[in-house]
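Residue-level structural notes
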Amino acid sequence: MRVTLNVGKSLRLGVGTATAALARHSEVKHSLLREYLIEYFLTLVASPHQDRIQLTVVDGFCGGGCYVGSSGTEVPGSPIVILEALREAQVRVELGQQRRKPIEFDVKLICVDESASAIDYLKRLLQEKGYGGRLAAGGIQLVRGDFLTCSEAIIAEAVKRSPRAGRAIFVLDQYGYDAVPLPTLQNIFCSLAKAEVILTFAVDALINFLSEKNLADFERKTGIDGAITAAELDKLKKSPGWRLHVQSGLYQRLTKGSGAEYFTPFFIRADRGHGDFWLLHLSRHWKARDVMASTHWKYHNHFVHYGAPGFDMLTTGYAARIDESGHAQGAFEFDDVAANANKEAMLVQIPQALDRQKGGVSFERFFHDRVNLTPATREMVAKAVLELAASKEVEILGADGTLRRVRSAIQSDHVLRLSTQKIFSFSSAG
Ligand SMILES: C[S@@+](CC[C@H](N)C(=O)[O-])C[C@H]1O[C@@H](n2cnc3c(N)ncnc32)[C@H](O)[C@@H]1O
């Protein structure tokens, strides 16, 4: 059998010939997905008393499950990446935890693709890789169809499988930017209390071809309206910050309208095609957001953020220089340079923020109020606070109001306060 998924090099496999070439940035996307899911599953089974986890993973734009990678060898697609991440987490739990009884991972994978050849190919591939039993038992379900059309039934299935916790992950790897409308995201987040969505969004492709007509089409299809008005299109096109302005408007509208509370909005730098795209992570818990932000720091060479370091990442301050195509120069790349810039920004911004909260604020509140506004992880923020405490700019108090000498582990209920000395220097400067 020969299944043609796309144009590119071909690779002979038992199930047929895979000809879909996978770009380097997609390999990075898969590495991030794998890493994130392993951490996610491990977090769920952190308690040795837990003996079962039950949830659904939805791969809404799943593809055929196999590609030819940049080195010419077979590279797994997202359904296989998800199954391998699950297996790896299981192995790590079995090896690492002293359990009296083994933990049961009841994870159902639902794969959707509108292409019959992709679903057909994936089915054979899964059978060849030994997943035939799970396919037959319904632990892996393949659906040929449009994600949007199927989404309501899939969300209902995820709710049925996790009625109390409402746990599900949706991997929505659309090609462009208009196949996942806001009402679908809202349906996911209002139906499932612990839902997470990893959404690909080709933001550069959208912006590159923005005109009155396709803005109207995009808004009608997605419900992401008002991010930019037709009247603004011409006026702003002339300004150097136009692209960043549009990105910021789209991001705010998309995240606020999604029903999720926590987000990461970082870009994958594309090695070809229509430019960078977002790999947005939407969730309802700060911890999930924190795990995703940490994963971005791990794959720093390929992720980029066009905003500022510190706690004001949606401004364009950091990206002061803009190139001819409206892209920011010297963007934030999650590398050592970025980590340093981020730390330096926090060392200035934390005392300024505490100066506005004279009564003090718990570390938890301080972090939660800023979690969507920073590329930093909780650990990075804690380190910056400890550095400020060591230099006596910031004081750390116990929940009972007594001064603590915390050197390594800040607790959520520790209270942060600007040191009296610093309050004096701020007020005399003002
Ligand atoms: C970017 S590829 C997916 C790659 C895959 N997630 C991976 O990482 O291995 C997008 C896939 O979505 C499918 N697709 C496009 N529009 C769709 C829609 N509206 N509903 C479901 N599948 C769709 C295409 O057939 C294609 O296989």
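Note: the structure precedes this text.
Nothing here was measured: the structure is a model prediction, and the numbers come from that model. (Residues numbered from 1 in each chain as written. Predicted model: local features only at pLDDT ≥ 70, side-chain atom pairs only at ≥ 80, totals over all residues. Heavy atoms only, no water.)

Notes on the nonpolar core
Counting residues in hydrophobic clusters, the biggest one holds 90 residues, and the most contacted among them are Phe41, Phe170, Leu172 and Phe201. In this structure, Phe41 is in contact with Ile53, Leu55, Val57, Ala85, Leu86, Ala89, Phe105 and Val107, ignoring residues within four places of it in sequence. One finds Trp286, Met346, Leu354 and Phe366 within the second-largest nonpolar core, a separate group that totals 27 residues. (Core = buried A, V, L, I, M, F, W, Y, C linked by side-chain atoms within 4.5 Å. Buried < 20%, exposed > 50% of the residue type's maximum accessible area, 1.4 Å probe, protein only. Contact = heavy atoms within 4.5 Å.)

Some thoughts on the environment of Cys190
Inspection of the secondary structure assignment puts Cys190 in helix H6 (residues 182-191). Remark: the alpha-carbon pair of Cys190 and Ser258, spanning 68 residues in sequence, is separated by 9.4 Å. (Helix = DSSP H or I, 4+ residues; strand = E, 2+ residues; numbered from the N terminus.)

Structural notes on the site of the ligand
The environment of the ligand is formed by 16 residues, the closest being His30, Phe61, Ser78, Asp113 and Asp146. In this structure, an oxygen atom belonging to the ligand sits 2.6 Å away from a side-chain N or O atom of Asp113. In the model, a nitrogen atom of the ligand is placed 2.9 Å from a nitrogen or oxygen of the Asp173 side chain. Among the residues making up the shell around the ligand, the classes are represented as five nonpolar, seven polar and four charged. (Near = heavy atom within 4 Å. Polar contact = N/O pair within 3.5 Å; in protein donor to acceptor, adjacent residues only side chain to side chain. Nonpolar A, V, L, I, M, F, W, Y, C, P; charged D, E, K, R; others polar.)

Regarding the sheet that holds strand E16 (residues 415-418)
Within a beta sheet, neighbouring strands are joined by backbone hydrogen bonds and run either parallel or antiparallel to one another. With antiparallel pairing, the four strands of this open sheet are ordered in space as E13-E16-E14-E15. In this open sheet, the two edge strands, each paired with only one partner strand, are strand E13 (361-362) and strand E15 (403-404). One ladder, built from two bridges, connects E13 with E16; its direction is antiparallel. Directly across from Val361, in E16, lies its bridge partner Leu416. Lying over the sheet, helix H12 (residues 336-355) contacts E13, strand E14 (394-397) and E16, oriented at roughly 90° with respect to E16. Its contacts with the sheet place helix H14 (residues 378-390) against E14 and E16, and it is angled at close to 105° to E14. (Pairing = 2+ DSSP bridges. Axes fitted to C-alpha atoms, helices over the stretch in contact; angles between N-to-C directions.)

Describing the packing of H12 against H14
Where H12 meets H14, the closest approach of the two axes is 9 Å, and the angle between their N-to-C directions is 60°. If you check the angle between H12 and H14, you find them oblique. Crossing geometry of H12 relative to H14 is assigned as right-handed. From H12, Asn342, Lys343, Met346, Leu347, Ile350 and Pro351 reach across to H14, where they touch Met380, Val381, Ala384, Val385, Glu387 and Leu388. (Parallel < 35°, antiparallel > 145°, perpendicular 65-115°, else oblique. Left-handed = near helix turned anticlockwise from the far one by under 90°.)

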